[in-house]
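# Survey of secondary and tertiary structure
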Amino acid sequence: MRRYFIAGNWKMNKTVAEALELVEGLKKEVSGVAHRVMVAPPFTALDAVAKSLKGSEIILGAQNMSDQESGAHTGEVSVLMLKDLGVEVVILGHSERRLIYGESDEFINRKVRLAISRGLEVILCVGETLEQREAGKAEAVVEGQLAGSLKDVSEADLKKVTIAYEPVWAIGTGKTATPGDADAIHKAVRKKISGLYSAQAAEDLVIQYGGSVKPDNAKELMGMENIDGALVGGAALKLDSFVPIVKFDA
Ligand SMILES: O=C[C@H](O)COP(=O)(O)O
């Protein structure tokens, strides 16, 4: 059976008490599930969730980190602090970071290399805006983001990277890319990775789809050849929507 990587990005939601309530429920529901499951709570709940997850197969992720390891960077969170809490994976280059906070590929690339050098896995997000899609530039935009964000990342280190394709126009909007359209971009991602690295690296690459993934579309999306998992936002905030996604009938 195909093993998928399904991650819940809680974004700027959940107090510590709410985070614990969700993760406690999730632990019971997903025990023994075949897929790789991750949750990415806000920074303020990471420690509590890390403690709750001890001994569970659910992976702890963070939603972002600084491009610097330590020092005078008020308000930032370092890779070392994430490691210290037991974080295993960090989401980088999310479109909300790119678009709201102006993160460039070069800046994201520094974070990707730092995270990997300190032993974290990375979920690297890429995706086009509606304007870019309508201009026929979706593939080119994604290819450019991949080349820029993965600059100087070796093929060995690429094994620690999952790509999340998230069309910006499908995030939190209820609009989902059709499975065929999503798969076409995933295929283009594999082709780009094959060019940047090797055919083997492209084949081994795990590519998640993100953008209004819900219980009723998870099966169809993840049934596509090049879709290896999901990065789930809104539907990851409640057990009754995240659990069916994690347990979807592959
Ligand atoms: O990181 C998750 C994505 O931005 C998707 O969010 P969404 O499922 O609320 O559309």
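Residues numbered from 1 in each chain as written. Predicted model: local features only at pLDDT ≥ 70, side-chain atom pairs only at ≥ 80, totals over all residues. Heavy atoms only, no water.

In the annotation of an unreviewed UniProt entry, the protein chain is listed under the name Triosephosphate isomerase and assigned to Marispirochaeta aestuarii. Comment text from UniProt for the protein chain, heading Catalytic activity (unreviewed entry), reads "D-glyceraldehyde 3-phosphate = dihydroxyacetone phosphate". Under the heading Subcellular location (unreviewed entry), UniProt records this for the protein chain: "Cytoplasm". (UniProt positions renumbered as here; feature names shortened; annotations may be inferred.)

### Considering the site of the ligand
Lining the immediate environment of the ligand, one finds Asn9, Lys11, His94, Glu166, Ala170, Ile171, Gly172, Gly211, Ser212, Leu231, Gly233 and Gly234. Contact distances for the ligand include 2.8 Å between an oxygen atom and a side-chain N or O atom of histidine 94. Coverage of the ligand by the protein amounts to 97% of the 310 Å² it exposes when considered alone. Partitioning the shell around the ligand into residue classes produces three nonpolar, seven polar and two charged. (Near = heavy atom within 4 Å. Polar contact = N/O pair within 3.5 Å; in protein donor to acceptor, adjacent residues only side chain to side chain. Areas by Shrake-Rupley, 256 points an atom, 1.4 Å probe, with all protein chains shown as cover. Nonpolar A, V, L, I, M, F, W, Y, C, P; charged D, E, K, R; others polar.)

### A short note on the sheet that holds strand S7 (residues 207-210)
Pairing is parallel around the closed barrel formed by eight strands, whose spatial order is S1-S2-S3-S4-S5-S6-S7-S8. Ignoring which end each strand starts from, the neighbouring axes of this sheet average 25° apart. Here helix H9 (residues 179-196) sits on the sheet in contact with strand S6 (161-165) and S7, set at roughly 145° to S7. (Pairing = 2+ DSSP bridges. Helix = DSSP H or I, 4+ residues; strand = E, 2+ residues; numbered from the N terminus. Axes fitted to C-alpha atoms, helices over the stretch in contact; angles between N-to-C directions. Contact = heavy atoms within 4.5 Å.)

### Things to note about the side chain of serine 95
Summarising the element assignment, serine 95 is placed in helix H4 (residues 95-100). Once residues within four sequence positions are removed from consideration, serine 95 is found in contact with Ile100, Val168 and Ile171.

### Brief notes about the pairing of strand S1 (residues 5-9)
Counting buried residues in S1 gives five out of five residues, a clear majority hidden from the surface. Pairing analysis gives five bridges linking S1 to strand S2 (residues 36-40), with the strands arranged parallel. Within the sheet, the bridge partner assigned to isoleucine 6 lies in S2 and is valine 37. Where S1 meets strand S8 (residues 229-232), four bridges bridge the pair, whose relative direction is parallel. Looking at S8, one finds that glycine 8 is bridged to valine 232. (Buried < 20%, exposed > 50% of the residue type's maximum accessible area, 1.4 Å probe, protein only.)

### A look at the UniProt feature "binding site: substrate" (unreviewed entry) in the protein chain
In the numbering adopted here, UniProt assigns the feature "binding site: substrate" (unreviewed entry) to Asn9, Trp10, Lys11, Gly172, Ser212, Gly233 and Gly234. A maximum C-alpha distance of 13.9 Å places the annotated residues, which cover 226 residues in sequence, within one compact spot. If you trace the backbone, tryptophan 10 turns up in the loop between S1 and helix H1 (16-30). With near-sequence residues (within four places) excluded, tryptophan 10 lies in contact with Ala19, Leu22, Val23, Val39, Ala40, Pro41, Pro42, Val49, Gln63, Ala236 and Leu237. Here glycine 172 lies in the loop between S6 and H9.

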